[in-house]
Amino acid sequence: MRDCWKNRRGYDRVLMTVAATFLSVSASSAFAQSDTPRSSAAELAIDAAIPRPEPANVPPPTAADFKMDTASPDAAKTAASTPAASAPAAKATDGTTSAPSTADAKPADVATAPTSEAAKSEPAKEEAIKTEPASSDAAKGDNGNSDAVKNSTATVTPAAVPAVNAPSSEPAKEPVKAASNVAPDDQPVADKLRELVASKAVHFERKSERAAVEKFYTARDFAPIWTQSGKLTETAKGVVARLKDAASDGLNPADYPVPDFAAATTPDALAEADLKLTASMLDYARQAQSGRMHWSQVSGDIQYPEHPTDPNEVLANVTSAKDASLALDSYNPPQKLYQALKKKLAELRGESDGHVIQIADGPALKYTPERKHQPAVEVEDDRVPQLRAKLGISENPDDRHYDAKVAEAVRKFQAMAELKPTGILDARTVRAINSPKHDKQIDTIIVNMERWRWLPRDLGAPSIGDAYVILNIPDYTLKVMQHGAQVWTTRVVTGQPGIHATPLLTETMKYITVNPTWNVPPSIIYNEYLPALQQDPTVLERMGLKLEHNPDGSIHISQPPGDRNALGRIRFNFPNKFLVYQHDTPDKNLFAKQDRAFSHGCMRVQNPDQYASILLNITDPNSHYTPEKIRSMYGSSEVDLKFPTPIPVNITYQTAFVDDEGNLQFRKDVYGRDAAMLSLLRGGRNKDLEAVIAHAQPNYVRPVGNLRFASDNSWSSGPSFFERLFGGPAAPPPPPGRRRLYPPQPQGWYYQR
C-alpha cells in the first residue's frame, strides 16, 4: 500500500511540475500580449505563486529541470513523514490545481521579475522579496515542519495579489529632468536670457553672430556669461577694460558701448546687459581683425585676402581665456610695424596731455652740405636739442648743431605737413611743428593702423623662413624680409596719382622672366598709343614696337626683348587682376628723384639683378644665384626661372611708419588714401563701412570705325608721346600742314609698366 502510495505520490509530483511549467509559460505569454488585469481569485493566486520569467532572458525548460523520485532512502523517508503537508499544497482555491511549493522552483525562476513596464517593475520586486523567505520555509516543510508549509501557502493568499497586477490609480510621473548647470542665484537671469534670445530683443546685425550667440547661450542653459550672482566676473572685467581702451589701437571706444552693470539690479536688466556686452565684444574682435571699413569702400584698386573672425571661435576663446583682455587684444594685427605705430600713437597722445615741447621763434636754420672745396655748414642753435626731441631724433639728443639728420627730419615733416620740403627751419615750419595735439599726425597714424588690419596676419611663407616682399608706395622702397629681419632693400618707381596709381594687393610671386617681351595692355594702346600714333606714324618702328591686327579687328602692340625694352631685362611675375608686376627699366635716372611716382602702375626696381638673385636663393637655397649669373642670361630670348616655393608680395600704403632706428616717419599722401579714409570715418557713422562695394571692371574696346593715320611725311611738333615716355631721339620738325588728332578715349584701371 505504501509502495503504491509512494509511486502515486511521485507520479502526482511529476504532473504538478509539468502543469506548473505549462502555466508559467502560458502566463508569461499572456502577460506579454495583454495587460488585461486578472479577474478571478484563482488566476491571481497563480500569478502570485508562480513568478513569471522574462521571455527574452529565460530559456524554456529542459528535461534536466525535472527531478524524478530517485532520491536517497533518507529523502524518501522525509517525504513520507509529511503526507499532510502535500495534501494542502495540492489543493487550490475554487477547486483549481495549485502550483507546486516554491521549494521545487529553481532559484532563477524565483529571482526573475518582468521588466518590460516601468510601472510594474517595483511591485514585481516586492513580490520576489516575499517569495524568498517562503522558499526557505518550504524547504523546511520537506523535512517535516508542517508550520513551514502553512507559512508558505500564506504568502499566496488572494488578498495580497492585487498589489501585483492591479493597475496603479496614481497618474504616471513625468521623466525627471537633468540637473541644470545654472546656479540658483543666476536662474532668474537665465530665464530672462532665454526669453531675450528667443525674441531677438537685443540686435545683432550679422546673422552669423546671432546664430553663434544663440548656440553659445543654449549650450550653457542660458546662464549669464559675464556675471555670477549679479557681480561681474574676472573675465567680464578684462573684456570691459579692453573695450574702454579701444582708442589705444586707433579704434573708437564709442563703437563698443559697455553696459552699466552696477545699475543693473534686476534679472531683466542683468540679462539685457549680458547680451549687450556680448555684442560689443564681438564687434570689437571683428573690427580689430578686419578693420572698421572694408578696403573696397576706399578705392577699386585695392584687393587683400579676406580674414573675417568666426564668432563661435571668439566666444569660446575669450570666455575660456585666463586673461580675457589679452585674448581680445589678440585680434589686433600682430606685426611689429603695427605695434610700433601703436606705441608712437600713445606717445603723441601723452605729449598732448602732459608737457608740450614748444620750439621758440628765431632765425631760420639751414644745413649746407659739403662741397668740393667747402666743408658742410652746420648752424648752432639752442633750439636744436628741442627740435631733435620733437622730431624723434634719438641720436645725439643734446647736440646743438643743425646737421644733415636734423635737416632731413625737418624736410620730411614739411612734406607730411604739405609744406615745401626745403629742409630749412623757417617760421612757418615752426608754427606747424608747434601745432596743438598733433591732430594731423594722430589721424595719419590711425588710418595707417586701419590699413594694417587689411593685410594678412602672416605676411610670409612659413616653409621658407616666413620670407616675403613688402613695398611701401609713399616711401618708394621695397624690402625683402626673412625670419623677421630685413634681408635686402632697394628704391622703386611707382604709379602716377590718379588712374595710374599702383594698386594695393597681396599676391604670390611665382617666377621671374629674363629678357621679357612687353605686350602693351589695351588701356595704354587705346587711351594713349593710338592717339600718339595718329600724330607720328613712324614712332613704333623707331622705338622697336610692333603693331599687329588681331583677327577680331583689335590691335596688339609688343616690344621684343632688348636693352631698350620698357620692362628692362627682368620682370617679376605675381599674377593679379590688375595686371601689374615689378620689372627693370631703361630709365635709371628716375631713381635719383625724391618723389618717384612716374609709372603706369607697375613698379620699377632699381637693382633688378640683385633682387632676382636674392629671391632665387631664398626660394631655392641650392641654386647659388649671383647678380653676375643673372646678367649672364641677358639676350634676345625669354627665360623663365620658376620658384619652387612662391614668395608673398605685399603692396602697402604706409604714410606713417617707424624706421629701423625707432623714429616715427611720415610720408606724403600721394594717392589721397588717408584723406578718403578719414572722410569715411568721420562722415560714415550711419553707414555700414564694413560692407563690400562692387566696383565696375574696365572694358577695353577698340574704337568704332577704321583708324586713319597721318601720312608718312606728317610730323608732330616737339617730342612725341613715346619719346616723352621712353626718352627716344627727337623727331625732325614737321612740314607745314594740318595735324589730325585722334579723339581721346575713356581712361581705364588696368595698369602696366
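Worth saying up front: this structure is predicted, and the values here are computed from it rather than measured.

How each quantity is defined
Residues numbered from 1 in each chain as written. Predicted model: local features only at pLDDT ≥ 70, side-chain atom pairs only at ≥ 80, totals over all residues. Heavy atoms only, no water. Helix = DSSP H or I, 4+ residues; strand = E, 2+ residues; numbered from the N terminus. Buried < 20%, exposed > 50% of the residue type's maximum accessible area, 1.4 Å probe, protein only. Areas by Shrake-Rupley, 256 points an atom, 1.4 Å probe, with all protein chains shown as cover. Axes fitted to C-alpha atoms, helices over the stretch in contact; angles between N-to-C directions. Parallel < 35°, antiparallel > 145°, perpendicular 65-115°, else oblique. Left-handed = near helix turned anticlockwise from the far one by under 90°. Contact = heavy atoms within 4.5 Å. Nonpolar A, V, L, I, M, F, W, Y, C, P; charged D, E, K, R; others polar. Phe/Tyr/Trp six-rings, centres within 6.5 Å; stacked < 30°, edge-to-face > 60°. Lys NZ or Arg CZ within 6 Å of the ring centre and 35° of its normal. Pairing = 2+ DSSP bridges. Lys, Arg positive; Asp, Glu negative; His and termini not counted. Salt bridge = Lys/Arg side-chain N within 4 Å of Asp/Glu carboxyl O. Polar contact = N/O pair within 3.5 Å; in protein donor to acceptor, adjacent residues only side chain to side chain. pLDDT = per-residue confidence, 0-100. Expected span 1.5 Å × (residues − 1). Arc of directions from axis to C-beta. Core = buried A, V, L, I, M, F, W, Y, C linked by side-chain atoms within 4.5 Å.

1. Some remarks on the overall build of the protein chain
In terms of regular secondary structure, the protein chain is built from 25 helices and 19 strands. The buried share among the 753 residues of the protein chain stands at 45%. A total accessible area of about 39400 Å² is found for the protein chain, and carbon and sulfur atoms account for 54% of it.

2. Describing the packing of helix H16 (residues 384–391) against helix H17 (residues 404–416)
At a minimum axis separation of 11 Å, H16 and H17 run at an interaxial angle of 50 degrees. Comparing the axis directions of H16 and H17 gives the class oblique. In terms of crossing hand, the pair formed by H16 and H17 is left-handed. Between H16 and H17, the residues in contact are Val-384, Leu-387, Arg-388 and Leu-391 and Val-406, Ala-409, Val-410 and Phe-413, respectively. Split by residue class, the contact of H16 with H17 holds seven nonpolar, no polar and one charged.

3. Observations concerning the packing of aromatic side chains
Inspection of every chain in the model, using the stated rule, returns five aromatic pairs. A centroid spacing of 5.6 Å and a plane angle of 10 degrees characterise the contact between Trp-488 and Tyr-611, whose relative ring orientation is stacked. In this pair, Trp-488 sits in strand S8 (residues 485–495) while Tyr-611 sits in helix H22 (residues 608–619), placing the two residues 123 residues apart along the sequence. Taken as a pair, Trp-488 and Tyr-611 share a single burial class, namely buried. Judged by its relative accessible area of 0%, Tyr-611 is buried. A network of ring pairs unites the aromatic residues Trp-488, Phe-572 and Tyr-611 as a single cluster. Note that Lys-629 overlies the ring of Tyr-625, its terminal NZ or CZ placed 4.3 Å from the centroid.

4. Considerations on the environment of Ala-316
Mapping Ala-316 onto the fold places it in helix H13 (residues 311–320). A relative accessible area of 39% places Ala-316 in the partly exposed class. Through-space distance from the C-alpha of Ala-316 to that of Phe-216 is 8.3 Å; in sequence the pair is 100 residues apart.

5. A closer look at the sheet that holds strand S10 (residues 518–519)
On the basis of which strands lie adjacent, the open sheet formed by three strands has the order S10-S12-S11 and antiparallel pairing. A single partner strand is all that each edge strand has here, and the edge strands are S10 and strand S11 (546–549). Across two bridges, S10 lies against strand S12 (residues 555–559) in antiparallel orientation. In the sheet register, Asn-519 faces S12, and the bridge partner there is Ser-558. This element, helix H20 (residues 522–535), spans S10, S11 and S12 of the sheet and lies at about 85 degrees to S12.

6. Observations regarding the side chain of Gln-289
By secondary structure assignment, the location of Gln-289 is in helix H12 (residues 267–290). Classification of Gln-289 as buried rests on a relative accessible area of 13%. Residues contacting Gln-289, with those up to four places away along its chain left out, are His-307, Pro-308, Thr-309, Tyr-331, Arg-453 and Arg-457.

7. Digging into the side chain of Arg-596
The residue Arg-596 is located in the loop between strand S14 (582–583) and strand S15 (597–599) in this model. As a buried residue without a salt bridge, Arg-596 has its nearest oppositely charged side chain in Asp-475, at a separation of 6.5 Å. Only 2.8 Å separates the side chain of Arg-596 from the backbone oxygen of Tyr-476, close enough to count as a polar contact. When residues no more than four places from it in sequence are discounted, the contact partners of Arg-596 are Asp-475, Tyr-476, Arg-491, Val-492, Val-493, Thr-494, Leu-590 and Phe-591.

8. A few points about the pattern of salt bridges
Under the defined criterion, the tally for this structure stands at 35 salt bridges. The closest approach of N and O atoms between Asp-329 and Arg-242, which form a salt bridge, is 3.6 Å. Taken together, the residues span a long stretch of sequence, with Asp-329 in helix H14 (residues 324–329) and Arg-242 in helix H11 (residues 234–244) at a distance of 87 residues. The partner of Arg-451 in a salt bridge is Asp-674, and the shortest N-O contact between them spans 2.7 Å. Of this pair, Arg-451 sits in helix H19 (residues 439–454) while Asp-674 sits in helix H24 (residues 673–683); the two residues are 223 residues apart in sequence, bridging distant segments of the chain.

9. Observations concerning the pairing of S11
Alignment of S11 against S12, held across four bridges, turns out to be antiparallel. Within S12, the residue paired with Glu-548 across the bridge is His-556. Here S11 folds back onto S12, and the loop between the two strands holds five residues, one of which, Gly-553, carries a positive phi near 95 degrees.

10. Re the confidence of the model for the protein chain
This prediction gives the protein chain a mean pLDDT of 78; 67% of its residues lie at or above 70. Across residues 69–169 the pLDDT falls below 50, and counting only partners more than four positions away or on other chains, this stretch makes 91 contacts in the model. Predicted confidence for residues 174–178 stays below pLDDT 50, and this span has zero contacts to residues more than four positions away or in other chains.

11. Re the pairing of strand S7 (residues 477–482)
Burial runs high along S7: five of the six residues are buried. Of the pairings in the sheet, the one linking strand S6 (residues 468–472) to S7 comprises five bridges and is antiparallel in character. Looking at S7, one finds that Val-469 is bridged to Val-480. The hairpin formed by S6 and S7 contains four residues between the paired strands, and Tyr-476 there has a positive phi angle of roughly 55 degrees. Where S7 lies against S8, six bridges are found, and the strand directions are antiparallel. Each residue of the ladder has a partner; that of Leu-478, found in S8, is Thr-490. The turn linking S7 back onto S8 is made up of two residues, and His-483 within it adopts a positive phi angle of 55 degrees.

12. Details of helix H9 (residues 187–199)
For H9, spanning 13 residues, the distance from its first C-alpha to its last is 18 Å, which sits close to the expected 18 Å at 1.5 Å a residue. Buried within H9 we find Val-189, Ala-190, Lys-192, Leu-193, Leu-196 and Val-197. Down the axis of H9, the sector holding all buried residues measures 165 degrees, keeping them to one side. Check the buried side of H9 and you find it contacts helix H10 (207–219) and H12. The first or second residue beyond H9 is Lys-200, which carries a positive phi of 55 degrees.

13. Topic: the environment of Thr-278
By the element assignment, Thr-278 lies in helix H12. Discounting chain neighbours no more than four positions away, the residues touching Thr-278 are Val-213, Tyr-217, Ile-225, Trp-226 and Leu-315. One polar contact links the side chain of Thr-278 to the main-chain carbonyl oxygen of Asp-274, over a distance of 2.9 Å.

14. Regarding the nonpolar core
Residues Leu-387, Tyr-402, Ile-445, Met-509, Ile-512, Tyr-611 and Leu-615 are the most contacted members of the largest nonpolar core, which totals 105 residues. The greatest single-element share of this core, amounting to seven residues, is contributed by H19. Ignoring sequence-local partners within four residues, the contact set of Ile-512 consists of Ile-570, Arg-571, Phe-572, Asn-573, Ala-612, Leu-616, Val-639, Asp-640, Leu-641 and Phe-643.

15. Thoughts on unusual backbone geometry
Here the phi dihedral of Asn-396 falls at roughly 50 degrees; this positive angle occurs in a residue that is not glycine. With respect to the helices and strands, the residue Asn-396 is situated in the loop between H16 and strand S5 (401–402). For Tyr-476, which is not a glycine, the phi torsion comes out positive at approximately 55 degrees. With a relative accessible area of 5%, Tyr-476 lands in the buried category.

16. What to know about the packing of H11 against H12
Following both chains from N to C, one finds H11 and H12 inclined at 55 degrees, their axes separated by 11 Å at the closest point. Taken together, H11 and H12 sit at an angle that is classed as oblique. For the crossing formed where H11 meets H12, the hand is left-handed. For the pair H11 and H12, contact is made by Ala-236, Val-239, Val-240, Arg-242 and Leu-243 and by Leu-277, Ser-280, Met-281 and Tyr-284, respectively. Classifying every residue of the contact of H11 with H12 gives seven nonpolar, one polar and one charged.

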